[in-house]
Amino acid sequence: MLLSYLRKRRILSLLRHSGPLAVRLTGTKYGCGGGGCGACTVMLSRYEPVSKKILHCSANACLIPICSLHCTAVTTVEGIGSTKTRVHPVQERLAKCHGSQCGFCTPGMVMSIYALLRNHPEPTLEQITEALAGNLCRFTGYRPIIDGCKTFCKEPFCCQNKEIGNCCLEQEEKLLLFSNQEEKVSLFVFMRTKLFSAEEFQPLDPTQELIFPPELLVSRDAVDINLILLRVSVHLGELTPWLGSNTLNPEEILVSVHIPHSRKGEFVSAFRQAQRRENALPIVNAGMRVFFEEGDVIKEFSIFYGGVGCTTVSAKQTCQALLGRHWDEGMLDEACRLVLKEISLPGSAPGGKVEYRRTLIVSFLFKFYLEVLQSLKTMYPSRYPDIPEKYESALKNFRIGIPQSVQMYQDVDAGQFPQDPVGRPIMHQSGINHATGEAVYCDDIRAVDEELSLAVVTSSRPHARIVSIDASEALKVPGVVDVISAPNVPAANEFYYFEDPEFVFARDKVICVGQVVCAVVADSDVHAKQAAAKVKIEYEPLEPLILTIEEAIRHNSFFEPQRKLEQGNVDEAFEIVDQILEGEIHIGGQEHFYMETQSVLVVPKGEDKEMDVYVSTQHPAFIQEMVASCLGVPFSRIMCHVKRIGGAFGGKLMKASLLSCIAAVAANKTGHAVRFILDRGNDMLITGGRHPTIGKYKVGFMNDGRILAVDVSYYFNGGCTPEDSILVWIFCVCKTNLPSNTAFRGFGFPQAGLVTESWIMGVAAKSGLSPQKIREINMYKEISQTHYKQELDPENLVRCWNECLEKSGYHSRRKAAEEFNKQSYWKKKGIAIIPMKFPFGFGKRSLSQAAALVHIYTDGSVLLTHGGIEMGQGIHTKMIQVASRELKIPMSNVYFCETSTTTIPNSCASVGSGGTDVNGMAVKDACQTLLKRLQPIISENPNGTWNEWVKEAFEQSINLSSTGYFRGYDGYMDWEKGEGRPFDYFLYGAACSEVEIDCLTGDHKNIRTDIVMDIGCSINPAVDIGQIEGAFVQGIGLYTMEELKYSPQGALYTRGPDQYKIPVVCDIPEQMSISLLSSSQNPVAIYSSKGLGESGLFLGCSVFFALWDAVAAVRQERGQVGSFVLNSPLSPEQIRMACADRFTEMIPKDGPGPVTSWAISI
Ligand code: FES
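Residues numbered from 1 in each chain as written. Predicted model: local features only at pLDDT ≥ 70, side-chain atom pairs only at ≥ 80, totals over all residues. Heavy atoms only, no water.

Put simply, the rule is: UniProt positions are given in the numbering used here, feature names are shortened, and annotations may be inferred rather than shown by experiment.
The name given to the protein chain in an unreviewed UniProt entry is Aldehyde oxidase, with the source organism recorded as Sphenodon punctatus. Its UniProt record gives the protein chain a comment under Sequence similarities (unreviewed entry), which states: "Belongs to the xanthine dehydrogenase family."

Following this line, the structure appears as structure tokens:
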């Protein structure tokens, strides 16, 4: 494939033969290998001899066979611009509009936009969203990417009021901060919306683009003649039975499809419902055609469904039986009955969602019925009755508009020194390098002499004894060097951080599907993978097999410790309340889906067992510790390096360490450098994600909405080993035979918060008050204590809530939604506003200590390093801002190279939104030390320059290097007493979201979201707003879209972007506004900021509850009274099945016999 050709490294065998084969264009990234993420997007250009035009299109390099590229020019991100030549306007604008965070998706985004601009230099907004539909970004939330693209549009993308100084992109609000009437003093703060300056962008000049290579013009003609000779046509008549019967035979090629014009009296329509609107295979799709003889007598009828069998299925008998019938309700009922009989989907059907798919079969039929009826009515107005107006809503498809957004933040103080970058929207330090493809990630590091590749062999059984491992066939594969397993580990193969161990290799038994049993090292990754597939492992099943939370509860299978918190006397409180609500909610897990898969390169240095480990991790010190322990060498022999990583979200802690150990053992045994890059499928299989959760609750409340008693049990599915589960969730973690689940952005809060907000919905339904009212009644109002007796001042929470209510126009829009719902039967709107109190803290001082090292060189340049990892959150950019402020020098003087255990020992993990807080303090400390040393020189020569002072300091033998240190926050928790101060502060926020659902398909559209967040004083509003938006969109994924599917034997089905859907550009709300709360101070953190990387994710649940609200409106209209519960993710399937109607009632239920579902709910 083209991708491997582009990224090819010099490897052992190539070194001996042909060096030039190593193209090494690493700007094109590997994201999934299946064309599902767009990270490897390139532009293909071909000369079309008929039109005599050059055609450009974007394409996924991982899907393009080299042989298909004859006479095709391929342009990669390196080809359009670089920092060494000229940065292309697309690259520049994406970076300067803050469209890159971790940067791993950025080259692909750049190439999709570039290809669009080659065809349409002034694209429309629709063309932009279409062009980006196949590119996934897990970090930005897409808004800044769209902002960058919009700058190329001819049509206005803002309000066009710039001339009168009132442009939506450059709004300023003056807010009164303080006023003293007597002394006539008023203090104001200014809120701004401008995050970038379009004025500084280079213009796009289409005449300056790369030309099509002339030598390809000639030979293309010859090839096309051959193609034309091959071209044959398939007409619809021939195609229909062929589609109905089977797919293509191996020797057949589908060359063209002829679609005839429809005749008078003929109606054709198509329907589809997928897990995601764009770039997703349908769950069920349908094509329907009817031809009437006279008026509405059916003469021909065809119905085809996809997604209900292994190929396209024709409802032939149904159609046959309906010939001669009139197009009326009676025919519809009969058609539904017949089609459900003819197209039977067994309860165990692959793909699952059986009841939903059965429902879609008839829902689509109903939509077709209405569509045709409407057309007949238009053609023969007097012959047909009107379709009731509120039924017409079934016919309208959602149109996704172009996202519009406003971001508002507090401007810096008027008196702030202009060179001081703190508080300003500064571009990501690596933004331009991300966009040009020059940013180096682990797998972009050039090959080391005689480097080997590694592939792992994983368990196919969830719980079994390993009887034997036979690697004889694997060892015969050309290029294979060795097979490594547990006996080859020199020291520790098991690590005990809690009572249960973590394993490098499985030794005697396996405890989940996907556990690493052994590894193959070979001269290339292709050979390593080929050989890994030939390793034979014999197993003997073990009992019990525990996969789900319910099974774990049944078997009393939990990790220790289990904890609980009690406050007050809950039993007494239940005695006095008016009503009690009991229920439970299930929240599915979530895959991190960082764009850069787990990657490590281990290089033995050949002396004293030293090793360099280049790894994609959030915790280099932990990798150092585990690799050293695994090899039995002192920590000082292992040097761990991280330049940047392409996303992590909590998924690159323990697992990255275990995978590094595997590579290190292989490097130790072979003496060669070993590169180990997990492919997407194995990454998803081996590594766990967010914990699936069950929350069981009993809530006591008064009729006026006051909640007086709550008893909640949370159960997290931890998987087979403790990993970080005990840290993520301190209460009750189930031990099961699934891959180990681990930390994930939000650290348990997104699940716990959803459980809480769900029972609030229940209380609202039972008390007859609105959920918003219940939230207000029970919200903190004054200085209070949490249930673990930590004091908090909720003033900013209340401010966020009130501002969000006001900015979103919640009350008027709620009324409007209710009005809409009265008029619309098949589409309903919902709106919800959710508050948030998100805790920040590590619970213990040692977990938040940090160090920094700052060198000043004699040319005045500054090299800065600290213990934090750049994974997209812009930590290095912020640290450079801190150094710039403290040393009073421009940011351009300060450079960050890498995070390494050689410069910063024993660093803590970059987790829990704390990177900037703790490392910022350390950087500040180091810089202040240096400035203190320079101060006498500065005082002596106050008009000197920075460079002069530095040179003089050197002359005076003043140390120009300093470390800085932060001891950490002093959190604690006394579990005996059930009280403490585990958190250092709280972030507050509120989000209001509005949605519209299609009751017939379960599809939905995100109409609008307004977020107000208290993040203290932002160090970099562009980065911080990007973090909020990105986290929010990840939250939308968690709560409404992302579904992990496991087989009844514990094997993960969803192993790539084809099966596992994360939000794409069209899934973000059409209107989105983010406001950072003004005048918020946080005295405990650097420059009064707050660590915010995780918190915005929970606000994604405002979409979940808006959907819940819409479903509630449906159920109320249809007389289904009483409270109900919706589980997460609230997928199209759940929404549809919760909107019960005459079609869901028709669905045949499975017989009394046992049905083994295709997938289990874990
Ligand atoms: S910036 Fe898009 S995935 Fe990292």
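After presenting the structure, the write-up continues.
1. A word on the side chain of Arg680
Quick note on the threshold: Only runs of H or I of at least four residues qualify as helices and only runs of E of at least two qualify as strands under DSSP, and these elements are numbered from the N terminus. Throughout, exposure labels follow a simple rule: accessible area from a 1.4 Å probe, protein chains only, divided by the maximum for the residue type, with under 20% read as buried, over 50% as exposed, and the rest as partly exposed. A positive count includes Lys and Arg, and a negative count includes Asp and Glu. His and the chain ends are not counted in either. A pair is scored as a salt bridge if a Lys or Arg side-chain nitrogen falls within 4 Å of a carboxyl oxygen belonging to Asp or Glu. Throughout, a contact is declared for two residues whenever any of their heavy atoms are within 4.5 Å.
Inspection of the secondary structure puts Arg680 in helix α20 (residues 680–686). Here Arg680 is buried and forms no salt bridge, its nearest opposite-charge partner Glu591 lying at an N-O distance of 4.8 Å. If we ignore the near neighbours within four places in the chain, the residues touching Arg680 are Tyr30, Gly31, Cys32, Phe593, Tyr594, Met595, Glu596, Thr597, Arg1055, Gly1056 and Pro1057.

2. Some details on the UniProt feature "binding site: substrate" (unreviewed entry) in the protein chain
The positions that UniProt labels "binding site: substrate" (unreviewed entry) are, in the present scheme, Phe747. Topologically, Phe747 is positioned in the loop between β28 (733–735) and α22 (749–767). Since its relative accessible area comes to 30%, Phe747 is described here as partly exposed. The residues contacting Phe747, other than those within four sequence positions of it, are Leu727, Val728 and Glu1094.

3. What to know about the packing of helix α11 (residues 329–342) against helix α12 (residues 354–379)
In a pair of packed helices, the angle between the axes and the distance between the axes together describe the arrangement. Here is the rule we go by: A fitted line through C-alpha atoms serves as each axis, taken over the contacting stretch for helices, and the angle formed by two N-to-C directions is quoted from 0 to 180°. Between 65 and 115 degrees an angle is taken as roughly perpendicular, under 35 as roughly parallel, over 145 as roughly antiparallel, and anywhere else as oblique. Two helices crossing with the near one rotated counterclockwise from the far one by less than a right angle form a left-handed crossing, whereas a clockwise rotation gives a right-handed crossing. The residue classification treats Ala, Val, Leu, Ile, Met, Phe, Trp, Tyr, Cys and Pro as nonpolar and Asp, Glu, Lys and Arg as charged. All others, Gly included, are polar.
One way to put it is that α11 packs onto α12 with a least axis distance of 10 Å and a crossing angle of 155°. For the element pair α11 / α12, the angle class is roughly antiparallel. Viewed along their axes, α11 and α12 form a crossing whose handedness is right-handed. Where α11 approaches α12, its residues Glu329, Met331, Leu332, Ala335, Cys336, Val339 and Leu340 are matched on the opposing element by Arg358, Ile361, Val362, Leu365, Phe366 and Tyr369. A class-by-class count of the residues in the contact of α11 with α12 yields 11 nonpolar, no polar and 2 charged.

4. Regarding the pattern of salt bridges
Here the structure, examined in full by the defined rule, presents 57 salt bridges. Across the pair Asp1003 and Arg277 runs a salt bridge whose closest N-O atoms are separated by 3.0 Å. On the criterion of sequence distance, the pair formed by Asp1003 in the loop between β39 (985–998) and β40 (1004–1014) and Arg277 in the loop between β8 (266–274) and β9 (282–292) is long-range, its members being 726 residues apart. Taken together, the salt bridges that share partners define one network made up of Arg7, Lys29, Asp443, Asp444, Glu451 and Arg675.

5. Looking at the packing of aromatic side chains
Where we set the bar: Between rings of Phe, Tyr and Trp, where Trp is taken as its six-membered ring, a pair exists when centres lie within 6.5 Å; planes separated by under 30 degrees are stacked, by over 60 edge-to-face, and by other angles tilted. Placement of a charge over a ring requires the Lys NZ or Arg CZ to be within 6 Å of the ring centre, with the centre-to-atom vector within 35 degrees of the ring normal.
Enumeration over the complete set of coordinates arrives at 36 aromatic pairs. Taking the centre distance of 5.6 Å and the plane angle of 80° together, the rings of Phe292 and Trp327 count as edge-to-face. You can see Phe292 sitting in strand β9 and its partner Trp327 sitting in the loop between α10 (316–322) and α11, a full 35 residues away along the chain. With a relative accessible area of 3%, Trp327 lands in the buried category. Aromatic pair Tyr380 and Tyr384: ring centres 6.3 Å apart, planes at 45°, arrangement tilted. Aromatic rings pair up to connect Phe267, Phe271, Phe292, Phe301, Trp327, Phe364, Phe368 and Tyr369 into one cluster. Cation over ring: Lys652 sits above Tyr594, and NZ or CZ is 4.5 Å from the ring centre. The ring of Phe593 is capped by Arg680, whose NZ or CZ atom sits 4.3 Å from the centre of that ring.

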